[in-house]
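Each chain, written out:
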Amino acid sequence: MICSGNCASCPVPLLFLAGGKRAKSRIKKEYTKPIQKKRLASQFIFLFITNAAFIFGVTGLIYPYFYCWEAPQATMSCPIGIMEHAVLETSIALALILTGTIFIVSSIFGRAACGWACPIGFLQDLIGKDKKKNKKGMSERDRKARYIKYAILAAIPPVVYITGTMAYTNICPIGGLTATIPILLLSPGGYTPTAFFIPKITLVALTIFLIVFVRRGWCKYLCPVGAMMGPFNKVSLLQIKFDESKCLKCYNCAIACPMDINMPYDNKSAECIRCGLCIDACPTDALKFGFTWQ
Ligand code: SF4
Ligand code: SF4
Ligand code: SF4
C-alpha cells in the first residue's frame, strides 16, 4: 500500500493514541535513566521502520519480532505467517530464511528485540499496568503459565499441516490489532470479513485486556515469537552480567523487572527482554550489559 499522505492511514497513531495519558506519564516516569532513554529512541525508530512501507516498500525481510504483514504500512513479513507458509508449501527455503533470521538476531542479542524493537512490546510498555513491587520474582503458578506460549508455538506447525490452513493467522489477535482494525476504521469497504472475523475480534478484545491489565501480559504468556527467541538468552553473545561482589541484596533490580524475573540471580532467564530496567535500578553497578567476550 502506498502512503496516502494521511498519517491516519498508519495503525501506529491509533495504537498509541489509545494509550493517551498513561503512555505519556509512563515515558516521563520510566524512561528517565540512561539506558531507558536509548531504549525509548530505539523503540520509536523501530516503530517507524516497522511501518515505513511508504518509504521502503515491502522489503522481503522478516520482522525479528511480532508484527502483522497486513498492517497498512508493514515493511516486512510476520515470522509466524512465514512459518505457516513454510508448512503449507513444504518450503525448505522459507523455513531456512525464518530460522536464519531468528537464529542470527537472537544468538547475538537474545530476546533484546522484545525490549528494544517490537512495537507490540512498546505498546505494552506504554499502556500496561504498573507492576507490583515484588522482590521475589515470579510465583510457581506464574512460572508454569509462561509455558503456554511455547505450547502455542509448538502447536502451530501440526495444526497448520492437519487443517491445511493459516490456522494461527486466521485468528491472530496481533493481526487483528495492527491490520484488521486499522483497515476497518480507515476503509470499511477494504476488508471482507471471513468466518474467522468474530473469533479474531474476540481474541483482540482479550489481548487488549491482557495488555492493559497485566504488565507485558501478552509477551509473558501468549506470544509465540517471544517463545522462539527466549531460549537464546542462555547462549546469546549479549548478556546481563552480574558482579556478586558489588551486590547489596537490595533487590531493586527484581522490583524494577517488568517480566518478574528473579534478579539478580536469574540473569539468563528466557523471559528476559533485555530492557535494562534492572541495570538502571542497581545502585552499585553490579549489573551491566556485556558481550560474552568482554
Ligand atoms: S514477546 Fe512481546 S515484545 Fe517479544 S515479539 Fe512477542 S509481542 Fe513482541
Ligand atoms: S531482567 Fe532486567 S533486562 Fe531482563 S526483563 Fe528484567 S529488568 Fe529487563
Ligand atoms: S539492584 Fe544491584 S545491588 Fe541491589 S540486589 Fe540487584 S544487583 Fe544487587
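A quick note: this is a predicted structure, and the numbers were derived from the prediction, not measured. (Residues numbered from 1 in each chain as written. Chains lettered and ligands numbered in written order. Predicted model: local features only at pLDDT ≥ 70, side-chain atom pairs only at ≥ 80, totals over all residues.)

## Overview of the confidence of the model for the protein
Thought 1: When the pLDDT values of the protein are averaged, the result is 90; 93% of them are 70 or greater.
Thought 2: Counting contacts from residues 1-5, a segment whose pLDDT is below 50, to residues more than four positions away or on other chains yields eight contacts. (pLDDT = per-residue confidence, 0-100. Contact = placed C-beta atoms within 7 Å.)

## Brief notes about the site of ligand 3
Thought 1: Lining the immediate environment of ligand 3, one finds 14 residues, of which Cys 247, Cys 250, Cys 253, Pro 264 and Cys 282 sit closest.
Thought 2: By residue class, the composition of the shell around ligand 3 is 11 nonpolar, two polar and one charged. (Near = placed C-beta within 6 Å. Nonpolar A, V, L, I, M, F, W, Y, C, P; charged D, E, K, R; others polar.)

## Topic: the packing of helix α11 (residues 173-186) against helix α12 (residues 197-213)
Thought 1: At a closest axis distance of 8 Å, the pairing of α11 and α12 adopts a crossing angle of 105 degrees. Considered as vectors, α11 and α12 are oriented roughly perpendicular to each other. Contact with α11, carried on its side by Pro 173, Gly 176, Leu 177, Thr 180 and Ile 181, involves Lys 200, Ile 201, Leu 203, Val 204 and Thr 207 of α12 and no other residues of that element.
Thought 2: Along the lines of polarity and charge, the residues of the contact of α11 with α12 split into six nonpolar, three polar and one charged. (Axes fitted to C-alpha atoms, helices over the stretch in contact; angles between N-to-C directions. Helix = DSSP H or I, 4+ residues; strand = E, 2+ residues; numbered from the N terminus. Parallel < 35°, antiparallel > 145°, perpendicular 65-115°, else oblique.)

## Comments concerning helix α5 (residues 92-109)
What sets the pattern is the α-helix's 3.6 residues per turn: residues three or four places apart point alike.
Thought 1: In a regular helix each residue adds 1.5 Å, so 18 residues correspond to 26 Å; α5 covers 25 Å between its end C-alpha atoms and thus fits that length.
Thought 2: Looking at α5, one finds that the buried residues are Leu 98, Ile 102, Val 105, Ser 106 and Phe 109. Down the axis of α5, the buried side of the element spans an arc of 95 degrees, and every buried residue falls inside it. Exposed positions of α5 whose direction lies more than 90 degrees from the buried face are Ile 92, Ala 93, Leu 96, Gly 100 and Ile 104.
Thought 3: Two residues or fewer past α5, Gly 110 is found with a positive phi of approximately 65 degrees. (Expected span 1.5 Å × (residues − 1). Buried ≥ 20, exposed ≤ 12 C-beta atoms within 10 Å, placed from the backbone. Arc of directions from axis to C-beta.)

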